[in-house]
Amino acid sequence: MTPFKAPIDDILFSLNKVAGADQLPDWDAETAADIIGHFASFAEGKIAPLDESGDAQGARLVDGRVKMPDGFVATYRALAEGGWQGLSAPEEFGGMEQNCLIAAAVSEIFSGANHAMQMVCNLVPGAISTLLKFGTDAQKQEWIPLMTAGEVLSTMCLTEPGAGSDLSRIRTKAVQDGDQWQISGEKIFISGGDQDMSDDILHLVLARTSDEGVKGLSLFLTGRTMAGDTIKITRIEEKLGIHASPTCQMAFDATPAELVGELGGGLAAMFTVMNHARIDVSLQGVAHASRAYDVAAIYAAERSQGRKSDGSPAVLADHADVRRMLDRQRSLALGARAMTHLTLVELEKGDAPDLVDFLTPVCKVFCTEAGMEAADLGIQVLGGYGYLTEYRVSQTWRDARITAIYEGANGIHALALATRGLRVKGGAGADAFEALVTRLSGHSEVTQLLEHWRLWRAACLTSDAPAELAHDFTKLTCELLFRACWCCIADVSEDAEMSRLRDVVLQAPVAIRKLPNG
Ligand SMILES: Cc1cc2nc3c(=O)[nH]c(=O)nc-3n(C[C@H](O)[C@H](O)[C@H](O)COP(=O)(O)OP(=O)(O)OC[C@H]3O[C@@H](n4cnc5c(N)ncnc54)[C@H](O)[C@@H]3O)c2cc1C
């Protein structure tokens, strides 16, 4: 087994050199390195050692309550005592008010160390943002300090048996009862719907307040303590991976709740949590790609097989095909991280919201697929040992798989990008994307691909059936950004290895079908 090692140098290089974090007025590279280094030690020493045992034991439902695997409660308490749950929350609510880039680095390291535990803890920043934006003063005062102190963890309750990608089918109802509300219905697949790590749980629940499709959805909050036995955990799901993350089926029966934001504004309010979560899921993909590379590179440097051309004994990494796989893994990890950090810098700068809206689904799709591909290659590099559990790249492969499904299945993001994403505000997001790609790279390969992308953009806009083009258009958009990021990585790095990897990335064929009528 290869112990988890946080990729601190790669993360700092990406933030400082590639994404240009120093454009932010409050960016202090030294403080960032300090905080990230502190968290990395905690993650390596305390969180990562629970990843394998948590996977084997899993979360369990015992007498209607979820029990987390051994060791999770104590480690969570240490995490909360360290103040990590309030890392980016405002100081006035007890947080550390660090910017989202530091939080992103911490989140990536957390996911690399233990994806299942990270998921249960990391819906909190999105819940805090949602309350800051839509909550009443009383709601903010009541819940945000508890979340920053780690006394409360939060959930996001959207999915129902009949409502997955299509939230207009939500049937859970909220009815008014004086100045209170009551929620009744069934939610499924709710991550951290119950756990025994935090004293209380804040549930953000999307429920129906009228029959008008998505306009009839409103956002509510309720808490495990305030709900009492009006919320029942009816089962937790058996899954392919992230076994330590309890995926709960929940029955709400006249559960007392408070409206968050406006009546009928539920989806808009929930998007604040979801947009945060989408970048976070992108970082889960980065974390898996990076971890899979790490395990594979160490193994390939040590295992002797075959001979070099001069007849001397070779290790796996001496073979061209193994090097090909390692290069691909490394390029996926660094490229995916770069695009996510670039997006976060734009988000934090705040002057290009259309660009951020365009980039968010691109990151979600690219990074999650990068995590899965790199994990798959990791198994191949290790051969039979990759397929076994011993080196745990097979756990990375299983855990990574969910990222392309939750927070909006990748196909749904592709559809949104090729339709609404190209049309909103007259295509302002897509225009800003073109400008970003041009800024990142003047390389002829990228310029040619950008020309090709423009044809696809026009085809999506004029097509009677843009859904037919959505997958390829999104693949092409991802690939274009990935290549542009790699040109930028090589340009800002003094390491010749980065230029070599850029050439590997640029020389790979782009697997997109021919344009219809093209
Ligand atoms: C481990 C885990 C944790 C989760 N955590 C949470 C959570 O905390 N909170 C929560 O609310 N939910 C959660 N979910 C639910 C998750 O968000 C949904 O599974 C996801 O949104 C997809 O919905 P679905 O499973 O019903 O698939 P479906 O909507 O049935 O989709 C199945 C497939 O069909 C495609 N598809 C569906 N509709 C269309 C369309 N119109 N056009 C093109 N393609 C389409 C999708 O892309 C997908 O590939 C979790 C799920 C899992 C497995």
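Anything mentioned here points back to the structure above.
Residues numbered from 1 in each chain as written. Predicted model: local features only at pLDDT ≥ 70, side-chain atom pairs only at ≥ 80, totals over all residues. Heavy atoms only, no water.

Asks: I'm lost on the overall build of the chain in this one. Help?
Replies: Within the chain, the regular secondary structure consists of 19 helices and eleven strands. By the compact-globule yardstick of 24 Å for 518 residues, the chain fits well, its C-alpha radius of gyration being 23 Å. Along the first, second and third principal axes, the C-alpha atoms of the chain reach 80 × 55 × 45 Å. In the chain, which comprises 518 residues, the proportion classed as buried is 56%. A fraction of 73% describes how many contacts in the chain between residues 6 or more apart in sequence connect residues 24 or more apart. As displayed, the chain has an accessible area near 21200 Å², and 51% of this comes from carbon and sulfur atoms. Of the side-chain charges in the chain, 46 are positive and 69 negative, and the distance between the mean point of each set is 6 Å. (Helix = DSSP H or I, 4+ residues; strand = E, 2+ residues; numbered from the N terminus. Rg over C-alpha atoms; globule rule 2.2 N^0.38 Å. Buried < 20%, exposed > 50% of the residue type's maximum accessible area, 1.4 Å probe, protein only. Contact = heavy atoms within 4.5 Å. Areas by Shrake-Rupley, 256 points an atom, 1.4 Å probe, with all protein chains shown as cover. Lys, Arg positive; Asp, Glu negative; His and termini not counted. Charge placed at Lys NZ, Arg CZ, Asp CG, Glu CD.)

Asks: Help me understand the pairing of strand β9 (residues 247-260) in this model?
Replies: Walk down a regular strand and you will see the side chains alternate between the two sheet faces. Bridge analysis of strand β5 (residues 180-191) against β9 gives eight bridges, and the strand direction is antiparallel. Along β9, the bridge assignment pairs Trp181 with Ala257. Looking at chain direction, strand β7 (residues 217-223) and β9 are connected through three bridges and run antiparallel. Within β9, the position partnered with Phe220 by the bridge is Leu259. (Pairing = 2+ DSSP bridges.)

Asks: Can you walk me through the state of the cysteines in this structure?
Replies: Two cysteines joined by a covalent bond between their sulfur atoms form a disulfide. Under the counting rule described, the total for this entry stands at zero disulfides. Not engaged in a disulfide, the cysteine Cys367 finds its nearest cysteine sulfur in Cys363; these two sulfurs lie 5.1 Å apart. Given the relative accessible area of 0%, Cys367 is considered buried. The structure places no disulfide on Cys487, whose sulfur is separated from the nearest cysteine sulfur, that of Cys488, by 8.6 Å. Residue class for Cys487 comes out buried when judged on its relative accessible area of 1%. (Disulfide = S-S within 2.5 Å.)

Asks: Sorry if this is basic, but what is going on with the site of the ligand here?
Replies: Residues in close proximity to the ligand total 17 residues, the closest being Met156, Thr159, Ser165, Phe189 and Ser191. Separating an oxygen atom of the ligand from a backbone N or O atom of Leu158 is a distance of 2.9 Å. Separating a nitrogen atom of the ligand from a backbone N or O atom of Phe189 is a distance of 2.9 Å. Calculation on the ligand without its partners gives an accessible area of 970 Å², and the protein chains cover 61% of this total. Residue assignment for the shell around the ligand shows that the elements contributing at least two residues are β5 and α14 (410-418). (Near = heavy atom within 4 Å. Polar contact = N/O pair within 3.5 Å; in protein donor to acceptor, adjacent residues only side chain to side chain.)

Asks: I would appreciate a short explanation of helix α13 (residues 393-400) in the present structure.
Replies: In an α-helix, one turn spans 3.6 residues; hence positions three or four apart end up facing the same way. Counted residue by residue, α13 has seven buried out of eight residues, so it is predominantly covered. Packed against the buried residues of α13 are α3 (49-57), α5 (100-121), α9 (266-302), α11 (353-382) and α12 (384-387).

Asks: Would you mind showing me how to read the pattern of salt bridges here?
Replies: It is possible for side chains bearing opposite charge to pair when their charged atoms get close. Inspection of every chain in the model, using the stated rule, returns 25 salt bridges. Within the structure, one salt-bridge network assembled from shared partners comprises Asp431, Glu434, Glu451, Arg454 and Arg457. (Salt bridge = Lys/Arg side-chain N within 4 Å of Asp/Glu carboxyl O.)

Asks: Is there a simple way to think about the packing of aromatic side chains in this case?
Replies: Here a ring pair, both rings aromatic, is described through the centre-centre distance and the interplanar angle of the planes. Counted according to the given criterion, the structure contains twelve aromatic pairs. Judged by centre distance (5.1 Å) and plane angle (40°), the ring pair of Phe358 and Phe433 falls under tilted. A residue pair is termed long-range when its members are at least 10 positions apart, and Phe358 in helix α11 and Phe433 in helix α16 (residues 428-440) qualify at 75 residues. One aromatic cluster in this structure is built from Phe39, Phe42, Trp84 and Phe110. (Phe/Tyr/Trp six-rings, centres within 6.5 Å; stacked < 30°, edge-to-face > 60°.)

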